[in-house]
Amino acid sequence: MGYFPGRKYGGPPVSIDNLCSLLSNKGEISFYIITSNHDLGDKTPYSHILDGWNERDNCNILYLSDKDSQSYMKIRSLVRQLSPDIIYLQSIFHVYTLHALLIAKQLKINILLAPRGELCRGALKKKYKKIPYLFVLKTLGLFKNIKFQSTSDEETREIARWTKTADSNIYELMNVPSIPQMINERVGKGIGHVNLIFLSRIVAKKNLIFAIEALGKVNGEISFDIYGPIEDKNYWDLCKKKADELPSNIKVKYCGDLSHDNVSKTFNMYNVFLFPTKSENYGHVIVESLMAGTPVIVSDQTPWQDLQSVNAGWTLPLILQSFSDAIQALVDMPDDKYNKMRHDARRYIEEKINLNEIKNTYLNVFKSLCLK
């Protein structure tokens, strides 16, 4: 997995950055991050990074070339140099994960592995490659005595299913959310109007084309702005073709990539976040929308199953008409009812998130690993 300043790796860099900020605040834990020196799909290294360790307020980062990150001897040398209490891995399907598991077994270092939804339904593609890989890891005994992190009941079940590890070796830990500093008040949306946002990597899993198709069945004045890196050019071409077929009352615009620092204030400019994703083990971007007071229309393939019952948006099966009906309801919604939904969305996520509780849970897990 990558890390900042990369913009194309989705939620995992946000998870790690927020975790570092939460736990390194009073020096409880020191974080050393080893990551790629370029963004996903790129070859050019980041500008403004240094050779060797780069210091940030909440961690130290070492950026490696592809050659070094795929070198068993290089990773082993770094692990021996750092002599960590815990190795925290952010992927299961990466060559450095295999190296780290082998090294940790040899040096008797504790492992916490977060698959980040890679084993969940809708995410486990190319099974003809991944299932044999998992079999090899199990055969080599590399899953023995390591711990896994999940962020939902579904992910816990899938980790247990694919790795054959006991539930007692899986810690269900909530990702650390991003907390915006302030929320700006906005004008109402007006009956007959709605402006929607899609913010995610543009790949088939995030299901942008479904969102565009759902809009085609809605009446009213609709603007739909799309943000995120175009990771799959062929998929994006299909999305553009579908957007061109929409009726004239629907305006679709691609607004480019968005730095994480601008996510909250950007959500604040829109009436609703439309996100019919095929699979999310957590969904940082959903939390960030709710924290900005922007209701969400999301698929039922995420942990956020109760949005409609708390008036924070809609959680829906991946049925076009269901999404179209929700968008139409929002178009027809008067300002007073919509403003209450905004308020309820923000209140819901604030009640859901207790940073002190999250912090203590992680500290207890890390401390328990060090005692084993």
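Structure shown above.
Cut-off values and rules
- Residues numbered from 1 in each chain as written.
- Predicted model: local features only at pLDDT ≥ 70, side-chain atom pairs only at ≥ 80, totals over all residues.
- Heavy atoms only, no water.
- Buried < 20%, exposed > 50% of the residue type's maximum accessible area, 1.4 Å probe, protein only.
- Helix = DSSP H or I, 4+ residues; strand = E, 2+ residues; numbered from the N terminus.
- Pairing = 2+ DSSP bridges.
- Expected span 1.5 Å × (residues − 1).
- Contact = heavy atoms within 4.5 Å.
- Patch = residues over 30% accessible without salt bridge, like charges linked within 9 Å, V, L, I, M, F, W, Y side chains within 5 Å.
- Areas by Shrake-Rupley, 256 points an atom, 1.4 Å probe, with all protein chains shown as cover.
- Salt bridge = Lys/Arg side-chain N within 4 Å of Asp/Glu carboxyl O.

Let's talk about the pairing of strand S8 (residues 193–199)
Most of S8 sits out of view: 6 of its 7 residues are buried. Sheet analysis places S8 next to strand S11 (residues 272–275), joined by 2 bridges and oriented parallel. Its bridge partner being in S11, Leu-196 is matched across the sheet by Val-272.

A look at unusual backbone geometry
Outside of glycine, negative phi angles account for most residues, and trans bonds account for most peptide bonds. A cis amide bond, omega 15 degrees, links Phe-4 with the succeeding residue Pro-5. Of note, Arg-116 is a non-glycine position whose phi angle comes to about 55 degrees, a positive value. Residue position: Arg-116 is located in the loop between strand S5 (110–113) and helix H5 (127–139).

Here's the deal with helix H11 (residues 320–331)
Think of an α-helix as 3.6 residues a turn; residues three or four steps apart then line up on the same face. When the terminal C-alpha atoms of H11 are compared, their 17 Å separation across 12 residues agrees well with the 16 Å that a helix rising 1.5 Å per residue should span. Residues Phe-323, Ser-324, Ala-326, Ile-327, Gln-328, Leu-330 and Val-331 constitute the buried set of H11.

Some points on the environment of Ile-286
By secondary structure assignment, the location of Ile-286 is in helix H10 (residues 284–291). As a C-alpha pair, Ile-286 and Phe-275 span 11 residues in sequence and 8.3 Å in three-dimensional space. Not counting residues within four places of it along the chain, the set of residues in contact with Ile-286 comprises Phe-273, Phe-275, Val-296, Val-298, Thr-302 and Trp-304.

So, a nonpolar patch on the surface
Together, Leu-102, Phe-135, Val-136 and Leu-140 make up an exposed nonpolar region whose accessible area comes to about 350 Å². In this fold, Leu-140 is placed in the loop between H5 and strand S6 (147–150). Given a relative accessible area of 42%, Leu-140 falls into the partly exposed group.

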